[in-house]
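Structural overview for review
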Amino acid sequence: MLGDSAEPPKKLSELIAAGHLGRKTGRGFYDWSSGKAAKNASASPPNGLTKRLIDPFVNEAKAALAQGIVADADLVDAGAIFGTGFAPFRGGPLNYAASSGV
């Protein structure tokens, strides 16, 4: 969890309210009526989406380091990679922030 104020995405809440729970109900983000997920063609992500998804992660990593929760930046990055699956080729959230100017 990245924060107390985090709320589920509106689309997810709408799907749950409508009873569209995915494979078990045959509908959700995908149509499962054939037994397999029928996916739409992918489109380009909206501008700024990556930043909105990564920034809270980077901010929490920086806070953990600043508060002394983790001893050094390498441990923060390793924990994020091994513990949460942060993209290893990015080197962890702090390395990503340093290399991208975040």
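A brief look at the structure comes next. Counting from 1, residues in each chain are numbered in the order their sequence is written. Selection of residues for local features in this predicted model requires a pLDDT of at least 70, selection of side-chain atom pairs for listing and counting requires 80 or more, and totals for whole chains, interfaces and linings are taken over all residues. Side-chain measures were taken over the full set of non-hydrogen atoms in the model, leaving aside hydrogen atoms and water.

Some points on the overall build of the protein chain
Scanning the protein chain from N- to C-terminus turns up four helices and zero strands. When the helices and strands of the protein chain are read in sequence order from the N terminus, they spell out α-α-α-α. Its C-alpha atoms give the protein chain a radius of gyration of 18 Å, clearly above 13 Å, the size a compact globule of 102 residues would have. If one aligns the C-alpha atoms of the protein chain with their principal axes, the spans along those axes are about 50 × 30 × 25 Å. Taken across its 102 residues, the protein chain has 20% of its residues classed as buried. Note on contacts: a residue pair qualifies if any of its non-hydrogen atoms lie within 4.5 Å across the two residues. Pairs at least 24 apart in sequence give 33% of the contacts found in the protein chain among residues at least 6 apart. Each charge class in the protein chain was averaged separately, 11 positive and 9 negative side chains, and the resulting centres sit 14 Å apart. By the criteria applied, helices consist of DSSP H or I runs no shorter than four residues and strands consist of E runs no shorter than two, each listed in order from the N terminus. With C-alpha atoms as the basis for the radius of gyration, the globule rule is written as 2.2 Å multiplied by the number of residues raised to the power 0.38. Each residue is placed in one exposure class: buried if its accessible area under a 1.4 Å probe, protein chains only, is under 20% of its type's maximum, exposed if it is over 50%, and partly exposed if it falls in between. Residues scored as positive are Lys and Arg, those scored as negative are Asp and Glu, and His as well as the terminal groups of each chain are ignored. Each charge is placed at NZ for Lys, CZ for Arg, CG for Asp and CD for Glu.

With respect to the packing of aromatic side chains
Whether two aromatic rings pair depends on their centres lying within 6.5 Å, for rings of Phe, Tyr and Trp, where Trp uses its six-membered ring; planes under 30 degrees apart make the pair stacked, over 60 edge-to-face, and the rest tilted. Under the counting rule described, the total for this entry stands at one aromatic pair. The ring of Tyr30 carries the charged tip of Lys39 above its face, separated from the ring centre by 5.3 Å. Criterion for a charge above a ring: Lys NZ or Arg CZ within 6 Å of the ring centre, and within 35 degrees of the ring normal.

Remarks on the nonpolar core
Only buried residues count toward a nonpolar core. Its members are Ala, Val, Leu, Ile, Met, Phe, Trp, Tyr and Cys residues joined through side-chain atoms within 4.5 Å. Judged by nonpolar contacts, Ile54, Val58, Ala80, Ile81, Phe86, Tyr96 and Ala97 together constitute the single largest core of seven residues. Looking at this core, the elements with two or more residues in it are α2 (49-66), α3 (73-84) and α4 (93-100). Sequence-distant contacts of Ala97, that is, excluding residues within four places in its chain, are made with Val58, Lys62 and Val102.

Things to note about the side chain of Asp55
By secondary structure assignment, the location of Asp55 is in helix α2. Definition of a polar contact: a pair of N or O atoms within 3.5 Å, with one able to donate and the other able to accept a hydrogen when the atoms are protein atoms, and with sequence-neighbouring residues admitted only if both atoms are side-chain atoms. Within the structure, the side chain of Asp55 is placed 2.6 Å from the side chain of Lys51, a separation counted as a polar contact.

Topic: the pattern of salt bridges
A carboxyl oxygen of Asp or Glu within 4 Å of a side-chain nitrogen of Lys or Arg is what we treat as a salt bridge. The full count for this structure, using the stated rule, is two salt bridges. The salt bridge partner of Glu14 is Lys10, with a shortest N-O separation of 4.0 Å. Within this pair, Glu14 and its partner Lys10 are both found in helix α1 (residues 10-17), separated by four residues, close to a single helical turn. Of the charged contacts, one joins Lys51 and Asp55 as a salt bridge, the two residues approaching to 2.6 Å between their closest N and O atoms. Taken together, the residues Lys51 and Asp55, both in helix α2 and four residues apart, mark about one turn of the helix.

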